Amino acid sequence: MTNLSKIVFLFGIIGFIAFSCEKDDDEPIKLAEGYIVGFDPCTINHHYRIGYVIISTDLKDTLVTYNLSDSIYKMPANVISNISDTLYKNISDTLYKIPESYFQNYRNSTYFPDSLRYKYEVKILYLIANENEMIFNLCTTDILFLHFIQVIIKSATN
């Protein structure tokens, strides 16, 4: 093999590896309209950032997100809009304040009482969380929870 052939072969291998390992960072932002119907009980029990369960209006999607609340556990629980991408530090508006009493049965149910099912309407723009963005809270005494799609909220309105 000549030196030129070796160089072309080397660049071919490098190009193949570079393009075959490329990650799709252009995943489309999705829109959902629905209701906040519950929470991750582990987050209440262990004072983590609250994870909210959202069910779409057409009942086709059940999502969970951990970036729609205050960065630390707080009651009454805030549901926040205008979330920033930079570690959620530029949080500006509160859509809802959910009273502590709605979380009282957290050991028995993930969902708010039926009478509150349609109280917390929300429209969200979101991305599905990748493996590095997913939240896995340590909850040894709780029932293992949430086999729902975990999402990162980009913006929320009511």
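Preceding this section is the structure that the text describes.
Computed from a prediction, not measured in an experiment: that's the story for all the values here.

### Details of the environment of glutamate 33
Along the chain, glutamate 33 turns up in strand β1 (residues 30–39). Separated by 22 residues in the primary sequence, glutamate 33 and isoleucine 55 have C-alpha atoms spaced 8.3 Å apart. Excluding anything up to four places from it in sequence, glutamate 33 contacts Ser56, Thr57, Val122 and Lys123.

### A short note on the sheet that holds strand β6 (residues 121–128)
The strand order around the closed barrel formed by five strands is β1-β2-β3-β7-β6, and the pairing between neighbours is mixed. Across this sheet, the average inter-strand angle for adjacent strands is 55°, counted without regard to direction.

### Remarks on the nonpolar core
Nonpolar side chains in soluble globular proteins tend to be buried together. Core analysis: the largest hydrophobic core is formed by 25 residues, its most contacted members being Ile36, Tyr52, Ile98, Phe103, Phe112 and Ile124. Put simply, the parts of the chain that give this core at least two residues each are β1, β2 (52–56), β4 (77–81), β5 (93–98), β6 and β7 (149–157). Core analysis: the next-biggest nonpolar cluster, separate from the first, contains six residues, Tyr35, Val37, Ile55 and Tyr66 among them.

### Concerning the pairing of β1
Taking burial as the measure, the 10 residues of β1 include seven buried ones, the bulk of the element. Strand direction decides the pairing type here: β1 and β6, joined by six bridges, are antiparallel. If you follow leucine 31 over to β6, its bridge partner there is leucine 125. Across five bridges, β1 lies against β2 in antiparallel orientation. Bridging from a neighbouring strand, phenylalanine 39 pairs with tyrosine 52 of β2.

Rules used throughout
- Residues numbered from 1 in each chain as written.
- Predicted model: local features only at pLDDT ≥ 70, side-chain atom pairs only at ≥ 80, totals over all residues.
- Heavy atoms only, no water.
- Helix = DSSP H or I, 4+ residues; strand = E, 2+ residues; numbered from the N terminus.
- Contact = heavy atoms within 4.5 Å.
- Pairing = 2+ DSSP bridges.
- Axes fitted to C-alpha atoms, helices over the stretch in contact; angles between N-to-C directions.
- Core = buried A, V, L, I, M, F, W, Y, C linked by side-chain atoms within 4.5 Å.
- Buried < 20%, exposed > 50% of the residue type's maximum accessible area, 1.4 Å probe, protein only.

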